[in-house]
Amino acid sequence: MLSLEFLQIYWWCVVSLLGGLLVFMMFVQGGQTLLFGLCKNELQKDMVINSIGRKWELTFTTLVMFGGACFAAFPLFYATSFGGAYWVWLAILFCFILQAVSYEYRKKPDNFLGQKTYEIFLFINGSLGVILIGMAVSTFFSGSDFLLNEHNFVQWQTPFRGLEALGNIMLYPLGIAMFFLARVGGALYLINNIDDAEIRANAKKAALKNTILFLPFFLIFIAWIFTKAGFAYDESGVVSLVGFKYALNLLQMPLVAAMIVIGVGLVLFGIFKGAFTTSIYGVVPYGVGVVLTVTGLFLVAGLADTAFYPSFSNLQSSLTIKNASSSHYTLNVMAYVSLLVPFVLGYIFVVWRAMDSKKITADEIKHDHHAY
């Protein structure tokens, strides 16, 4: 049987990877927010919606997988965050419900709300939903307002149940950065997936414009986490504030630091390839770069004796991969089950490639009676 310490690290790596995949998959949400500025007529709008609409379930599925992995591997975190800060998670869930309903009913006959209403719903999902998720992730570095009693029952210290994060100005940079990053990803994906010269030209401009808007917010977030005090714990589990903790984690984990640097480089290369060259494959290095960068940031937040879900109300209530994890037996069994994941990912890759092998054209959408 694998050691408990190894399994705790292993499952935090799995959760981190799912977080990286989720942020990449948000190109769907980003594409939805580009709908009004990118498209000049109804046909182009239908082409964009059908391009990203064929992938929308994958984003929600990845979010569910992220939550499921947290529930199975770190149940105390799941109970504290998803069960304690439930208003913010209900708001996020509501945004995704709007998305599902919109794709289903936007083009339905006798749609009493009107097509425009559902397109606005898609924009809400792609903007508010993404920003809220980004702010929720920021609490991994800022801490949240909760207490755990001797029975590990969570007691949230405000009636807002997570929405109090909206009052913390330092949580906004990542949320806004993720919004613009999703729009960049959406533009790069549309360049790859739609065979239309005008849409591709407009998407190139959108990718560049949103990159310019993304960078300052991302840099503010990076400067904040690597200069602030972090939540460290010792061998006995006692949590304390340590100056420049997350920066020190990079020095302690050079491979993770390399992941983040390479990831950022790939993101910028993908944007350059998509916005300034004739290539339609900028989304590929962009996607790999996003997954590497976000995975690396999650690892910085949870490894190297760092509390990944800190409490600023009571430092000793902070959650670590040690005190929040499942039992040794549960983690061990799930580790063997997780060996099937590469086969699932391989299947998704094959199906994705088959779906995208033929680019979306105006003629296809005109004659497709099953289009969104």
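Up top you'll find the structure we're talking about.
All residue numbers refer to position in the chain's written sequence, counted from 1. Per-residue local features are limited, in this predicted model, to residues with pLDDT of at least 70; the limit for side-chain atom pairs, both in listing and counting, is 80 or more; totals at the level of whole chains, interfaces and linings are taken over all residues. Computation of side-chain values covers all heavy atoms of the structure but excludes hydrogens and water.

### Here we look at the overall build of the protein chain
Stage number 1. Starting at the N terminus, helices and strands are each numbered in turn, a helix being any DSSP run of H or I of at least four residues and a strand any DSSP run of E of at least two. Within the protein chain, the secondary structure is distributed over 16 helices and 4 strands.
Stage number 2. We compute the radius of gyration from the C-alpha atoms alone; for a globule the expected value is 2.2 Å times N to the 0.38, where N is the number of residues. Here the C-alpha radius of gyration of the protein chain, 21 Å, is about what a compact globule of 372 residues would show, namely 21 Å.
Stage number 3. With respect to the principal axes defined by its C-alpha atoms, the protein chain has extents near 65 × 45 × 40 Å.
Stage number 4. Think of it in three bands: with a 1.4 Å probe and only protein chains considered, a residue is buried below 20% of the maximum accessible area for its type, exposed above 50%, and partly exposed in between. Of all 372 residues assigned to the protein chain, the portion counted as buried reaches 53%.
Stage number 5. Summarising the internal contacts of the protein chain: among those between residues at least 6 apart in sequence, 78% fall at separations of at least 24.
Stage number 6. Areas reported as accessible are Shrake-Rupley estimates using a 1.4 Å probe. Residue values count occlusion only from the protein chains shown. Total accessible area on the protein chain is roughly 16700 Å²; 71% of this is exposed by carbon and sulfur atoms.
Stage number 7. We treat Lys and Arg as the positive residues and Asp and Glu as the negative residues; His and chain ends play no part in the count. Note that the charge is assigned to NZ on lysines, CZ on arginines, CG on aspartates and CD on glutamates. Separation of charge centres in the protein chain, based on 22 positive and 20 negative side chains, amounts to 9 Å. In what follows, a contact means two residues having at least one pair of non-hydrogen atoms within 4.5 Å.

### Here's the deal with the state of the cysteines
Stage number 1. Cysteine sulfur pairs qualify as disulfides if the two atoms are within 2.5 Å. In the structure shown here, the tally under the stated rule is 0 disulfides.
Stage number 2. Unpaired in this structure, C70 has its nearest cysteine sulfur neighbour in C13, at a distance of 13 Å.
Stage number 3. Cysteine C95 is unpaired, with the sulfur of C70 as its nearest cysteine sulfur at 19 Å.
Stage number 4. Exposure remark for C95: the relative accessible area of 1% places this residue in the buried category.

### Considerations on the side chain of D145
Stage number 1. Residue position: D145 is located in the loop between α8 (115-142) and β1 (146-148).
Stage number 2. Here D145 is buried and forms no salt bridge, its nearest opposite-charge partner R161 lying at an N-O distance of 11 Å.
Stage number 3. Among residues more than four places away in sequence, those in contact with D145 are W156, Q157, T158, E164, F312 and S313. The term salt bridge refers to a side-chain nitrogen of Lys or Arg lying within 4 Å of a carboxyl oxygen of Asp or Glu.

### Examining the packing of aromatic side chains
Stage number 1. The aromatic pairing rule takes the rings of Phe, Tyr and Trp, using the six-membered ring of Trp, and pairs them if the centres are within 6.5 Å, calling planes under 30 degrees apart stacked, those over 60 edge-to-face and the rest tilted. As enumerated under the stated definition, the model contains 36 aromatic pairs in all.
Stage number 2. Here the aromatic rings of F60 and F96 are separated by 5.7 Å at their centres, their planes lie at 45°, and the arrangement is tilted. You can see F60 sitting in helix α5 (residues 56-73) and its partner F96 sitting in helix α7 (residues 86-105), a full 36 residues away along the chain.
Stage number 3. Looking at F96, the relative accessible area reads 3%, which means it is buried.
Stage number 4. Between F146 and W156, the ring centres sit 5.6 Å apart and the planes meet at 25°, which makes this aromatic pair stacked. Here W156 lies in strand β2 (residues 154-156) and F146 lies in strand β1, a separation of 10 residues in the sequence.
Stage number 5. A relative accessible area of 9% places W156 in the buried class.
Stage number 6. For the cation-ring pair, K55 lies above W352, with the distance from its terminal atom to the ring centre recorded as 4.8 Å. Either the NZ atom of lysine or the CZ atom of arginine qualifies as a charge over a ring when it sits within 6 Å of the ring centre and within 35 degrees of the ring normal.

### A few points about α5
The periodicity of an α-helix, 3.6 residues per turn, causes residues three or four positions apart to be oriented the same way.
Stage number 1. For a helix, the expected span equals 1.5 Å multiplied by the number of residues minus one. In this model α5 runs 26 Å from its N-terminal to its C-terminal C-alpha over 18 residues, within 8% of the 26 Å that 1.5 Å per residue would give.
Stage number 2. Within α5, burial applies to W56, T59, T62, L63, F66, G67, A69, C70 and A73. Down the axis of α5, the buried side of the element spans an arc of 165°, and every buried residue falls inside it. This arc is taken over the directions from the axis of the helix to the C-beta atoms.

### A word on the pattern of salt bridges
Stage number 1. Tallying each qualifying case throughout the model produces 9 salt bridges.
Stage number 2. In this structure, K107 and D46 form a salt bridge, with 3.5 Å as the shortest nitrogen-oxygen distance. Taken as a pair, K107 in the loop between α7 and α8 and D46 in helix α4 (residues 42-53) lie far apart in primary sequence, 61 residues in all.
Stage number 3. Taking the shortest distance from any N to any O, the salt bridge between R200 and D195 comes out at 3.8 Å.
Stage number 4. By relative accessible area, R200 is classed as buried at 17%.
Stage number 5. Bridged by salt links that share partners, the residues E42, K45, D46, R106, K107 and E119 form one connected network.

### Digging into a negative patch on the surface
Stage number 1. A patch is a set of surface residues, each over 30% in relative accessible area and not in a salt bridge, joined within 9 Å for like charges and within 5 Å for the nonpolar side chains Val, Leu, Ile, Met, Phe, Trp and Tyr. Negative charge collects at one region of the surface, where E5, D234, E235 and D305 lie side by side.
Stage number 2. One can find D234 in the loop between β3 (230-233) and β4 (239-242).
Stage number 3. The partly exposed category is assigned to D234, whose relative accessible area is 37%.

### A short note on a nonpolar patch on the surface
Stage number 1. Side chains of F60, V64, Y86, W87, L90, L93, I97, V101, Y105, F160, L163 and L166 sit close together on the surface and give an oily, nonpolar patch of about 1000 Å² of accessible area.
Stage number 2. Every element with two or more residues in the nonpolar patch is listed here: α5 and α7.
Stage number 3. Per element, the largest residue contribution to the nonpolar patch is 7 residues, and it comes from α7.
Stage number 4. By relative accessible area, F60 is classed as partly exposed at 30%.

### Section: the environment of F36
Stage number 1. If you trace the backbone, F36 turns up in helix α3 (residues 35-38).
Stage number 2. Taking the C-alpha atoms as reference points, F36 and T306, separated by 270 residues in sequence, lie 43 Å from one another.
Stage number 3. If we ignore the near neighbours within four places in the chain, the residues touching F36 are K116, E119, I120 and F123.

### A few points about unusual backbone geometry
Stage number 1. Of note, the phi angle at R161 is positive, near 50°, even though the residue is not glycine.
Stage number 2. Here R161 is to be found in the loop between β2 and α9 (172-193).
Stage number 3. Its identity is not glycine, yet D305 carries a phi of approximately 55°, on the positive side.
Stage number 4. Tracing the sequence through the fold places D305 in the loop between α13 (283-302) and α14 (328-337).
Stage number 5. By relative accessible area, D305 is classed as partly exposed at 39%.

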